[in-house]
Amino acid sequence: MSGLQKADINKQQWEEAEFPIVCETCLGDNPYVRMICSRPFTVFRWLPGTNMRYKKTEICQVCAKLKNVCQTCVLDLQYGIPVQVRDEALNRHSEAPNTDVNRQYYAQNIAGKTEDEKSSYDPGKLNPSSRDILRRLARTEPYYKRNRPHICSFFVKGECTRGSACPFRHELPGDSELAQQNIKDRYYGQNDPVAIKMMSKMRHMTSGLTPPEDKTVTSLFVTGVEETITDMDLREYFSQYGQLKSVVVVHKSKCAFINFATREAAEIAAQRIADAGLSLKGQVLRATWGKARPQGPNSDKKQKGNDG
C-alpha cells in the first residue's frame, strides 16, 4: 500500500504514521480507537469514553513535534498548558514562520531531522525559575471533562426537542471569551483566551509581591529555606538587585528575612521573583513582602549603651 502511495506524485509528501501524538486526556480511558485517513495528513478519530464526543487529530505530526503539543487539543504534552503560557514562562518566541510557503519549507526541514534529536522544549534545558513556574501551572492529572460533548445550540435558544436523546450537553455557556478560542491562535500562542486567563491567575498567585503602600518597608520574607541554603547563598542571590542591609536566616522555621538598603532594590527583587519565581540549589522558595526583623530584643539598648 505504501508503495502505491509513493507512486502517486500528490502523496509523496504525506507523513506515514500508525498512531497520533496525543496527550492522555485526549486519548481518554477508552483503549479502542477508530482511524480515518484524510488529506493532507493522516487523521485519527476515536471515542475517548462513554458519553464523550469523538476526538480527532487537528494538526500533523510534524507541527506537533515542532511545538511539542498534542495533535488534538494543541496543549503542551508535558505540562498540559497552552503554548502561549509555556513560551511566556520560558521567555522564548516561536521559530516557525506563519506564511504558507515558508511554513511548508520549514516543516520539510524539521521532518528530515532524525528522531534521536531532542526537542527544543527539552525539560533538561529549563532554568530553575522557569521550571518552578511551569510546575505551578502544570496539570498533573488528565482532565477528561474536556472530552465532553459540546453545548447544544438549540437548547441555548430554547428550541431543542430531543431531550435526553440529544447527544449534546443541555446547559448554558459560561465564559463567553473562552468560547472564542481557536486552534490557530492556540498553536501559535497568540491571543489565546485560555492562556490569558491562566497568566492572569499566575499574577494573582504572586499578588503577595505587590509593593505595600508603606514606603518604609524594604524587606522580603522568604519561606522554604532548608539547611542546605546558607546565609551566603541568599546574600549572593539578592545582592544582584541592590545593596543589602542584612540577611537573617532561621533554619528552625525554614524562613529568612532579606532586608534591603533601599526600597527601589526591594521592588526590583520582588518584581523579578513575581515574573520568574525563586529557586536556590534546586529548591523552590516563596517570597512575600514583610517588615525588617530586629536583630535582637535589646538591640536598641545595646546601641545606646555603646554610644554612651
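Let me begin by describing the structure that accompanies this report. (Residues numbered from 1 in each chain as written. Predicted model: local features only at pLDDT ≥ 70, side-chain atom pairs only at ≥ 80, totals over all residues. Heavy atoms only, no water.)

A word on the overall build of the chain
Cut-off, in case you're wondering: Helix and strand assignments follow DSSP, with helices taken as H or I runs no shorter than four residues and strands as E runs no shorter than two, numbered in order from the N terminus. Per-residue accessibility, obtained with a 1.4 Å probe over protein chains only, is compared with the maximum for each type, and a residue is labelled buried under 20%, exposed over 50%, and partly exposed between these values. Any two residues whose heavy atoms approach within 4.5 Å are treated as being in contact. Where accessible areas are quoted, they stem from the Shrake-Rupley method and a 1.4 Å probe; at the residue level, only the protein chains shown are allowed to cover.
Helix and strand counts for the chain come out as twelve helices and eight strands. Here the chain holds 308 residues, and 36% of them are scored as buried. If you take every contact in the chain between residues at least 6 apart in sequence, the share linking residues at least 24 apart comes to 60%. Looking at the chain as shown, the accessible area adds up to about 19,600 Å², and 50% of this sits on carbon and sulfur atoms.

Overview of the sheet that holds strand 7 (residues 278-280)
Spelled out, the test is: Pairing between strands requires that DSSP locate at least two bridges from one strand to the other. In this analysis an axis means a line fitted to C-alpha atoms, helices contributing only their contacting stretch, and an angle means the value between N-to-C directions, from 0 to 180 degrees.
Read from one edge to the other, the open sheet built from five strands follows the order 5-6-4-8-7, with strand pairing classed as antiparallel. Whereas interior strands pair on both sides, the edge strands pair on one side only; in this sheet they are strand 5 (244-250) and strand 7. Across the sheet, the mean angle separating the axes of adjacent strands is 25° when strand polarity is ignored. In this structure, strand 4 (residues 219-223) lies alongside strand 8 (residues 283-290), joined through five bridges in antiparallel fashion. Across the sheet, Ser219 pairs through a bridge with Gly290, a residue of strand 8.

A short note on the pairing of strand 5
Both strand 5 and strand 6 (residues 255-260) contribute to a ladder of six bridges, which runs antiparallel. Within strand 6, the position partnered with Leu244 by the bridge is Phe260. Taken together, strand 5 and the strand that follows it, strand 6, pair antiparallel across an intervening segment of four residues, in which Lys254 is found at a positive phi of about 55°.

Concerning the pairing of strand 2 (residues 42-46)
For strand 2, the buried fraction is high: four of the five residues fall into the buried class. The pairing of strand 2 with strand 3 (residues 55-56) spans two bridges and is classified as antiparallel. In the sheet register, Arg45 faces strand 3, and the bridge partner there is Lys56.

Digging into helix 10 (residues 231-238)
Short version of the rule: Here, the arc refers to the directions that run from the helix axis to the C-beta atoms.
Those residues of helix 10 not exposed but buried are Asp233, Leu234, Tyr237 and Phe238. The buried residues of helix 10 occupy one face: seen down the axis, they fall within an arc of 115°. Of the exposed residues in helix 10, the ones pointing more than 90 degrees away from its buried face are Met232 and Glu236.

Thoughts on the packing of aromatic side chains
To keep it simple, the criterion reads: Only the six-membered ring of Trp is used, alongside the rings of Phe and Tyr, when aromatic pairs are assigned; centres must lie within 6.5 Å, and planes under 30 degrees apart are stacked while those over 60 apart are edge-to-face, with the rest tilted. Whether a charge sits over a ring comes down to the Lys NZ or Arg CZ being within 6 Å of the ring centre and within 35 degrees of the ring normal.
On inspection of all chains with the given rule, the structure shows five aromatic pairs. Of note, Arg139 hangs over the ring of Tyr143, and the distance from its end group to the ring centre comes to 4.4 Å. A cation over an aromatic ring shows up here: Lys157 above the ring of Phe154, its NZ or CZ 5.0 Å from the ring centre.

Observations regarding the nonpolar core
Counted only if it meets this: Residue types Ala, Val, Leu, Ile, Met, Phe, Trp, Tyr and Cys, when buried and joined through side-chain atoms within 4.5 Å, form a set referred to as a nonpolar core.
Judged by nonpolar contacts, the single largest core of 26 residues is most densely connected at Leu220, Val222, Phe238, Ile258 and Phe260. At the level of elements, strand 4, helix 10, strand 5, strand 6, helix 11 (263-276), strand 7 and strand 8 are the ones that each hand at least two residues to this core. Among the elements that make up this core, the one with the highest residue count is helix 11 (six residues). In this structure, Phe41, Val62, Cys63 and Ala64 belong to the second largest nonpolar core, which totals 14 residues.

Considerations on the environment of Tyr144
Relative to the helices and strands, Tyr144 resides in the loop between helix 6 (128-137) and helix 7 (153-156). The exposure class of Tyr144 is partly exposed, given its relative accessible area of 29%.

Digging into a nonpolar patch on the surface
The condition is simple: Like charges within 9 Å and nonpolar side chains (Val, Leu, Ile, Met, Phe, Trp, Tyr) within 5 Å are joined into patches, using only residues over 30% in relative accessible area that form no salt bridge. A pairing counts as a salt bridge when a side-chain nitrogen of Lys or Arg comes within 4 Å of a carboxyl oxygen of Asp or Glu.
Taken together, the side chains of Phe155, Val156 and Leu172 present a nonpolar region at the surface, about 260 Å² in accessible area. Tracing the chain through its elements places Phe155 in helix 7. Overall, Phe155 belongs to the partly exposed group, its relative accessible area being 30%.

Section: the side chain of Gln84
To keep things clear, this is the line we draw: Here a polar contact is recorded for every N or O atom pair within 3.5 Å, except that within protein the pair must consist of a potential hydrogen donor and a potential acceptor, and residues adjacent in sequence are included only if both atoms are side-chain atoms.
Position of Gln84 relative to the elements: it lies in helix 4 (residues 83-90). One polar contact links the side chain of Gln84 to the main-chain amide nitrogen of Asp192, over a distance of 3.1 Å. Aside from chain neighbours lying at most four places away, what touches Gln84 is Gly189, Gln190, Asn191, Asp192, Ala195, Ile196 and Met199.

Points about helix 4
Judged by how many residues are buried, helix 4 sits mostly within the fold: seven of eight residues are covered. Burial in helix 4 covers these residues: Val83, Gln84, Val85, Arg86, Asp87, Ala89 and Leu90.

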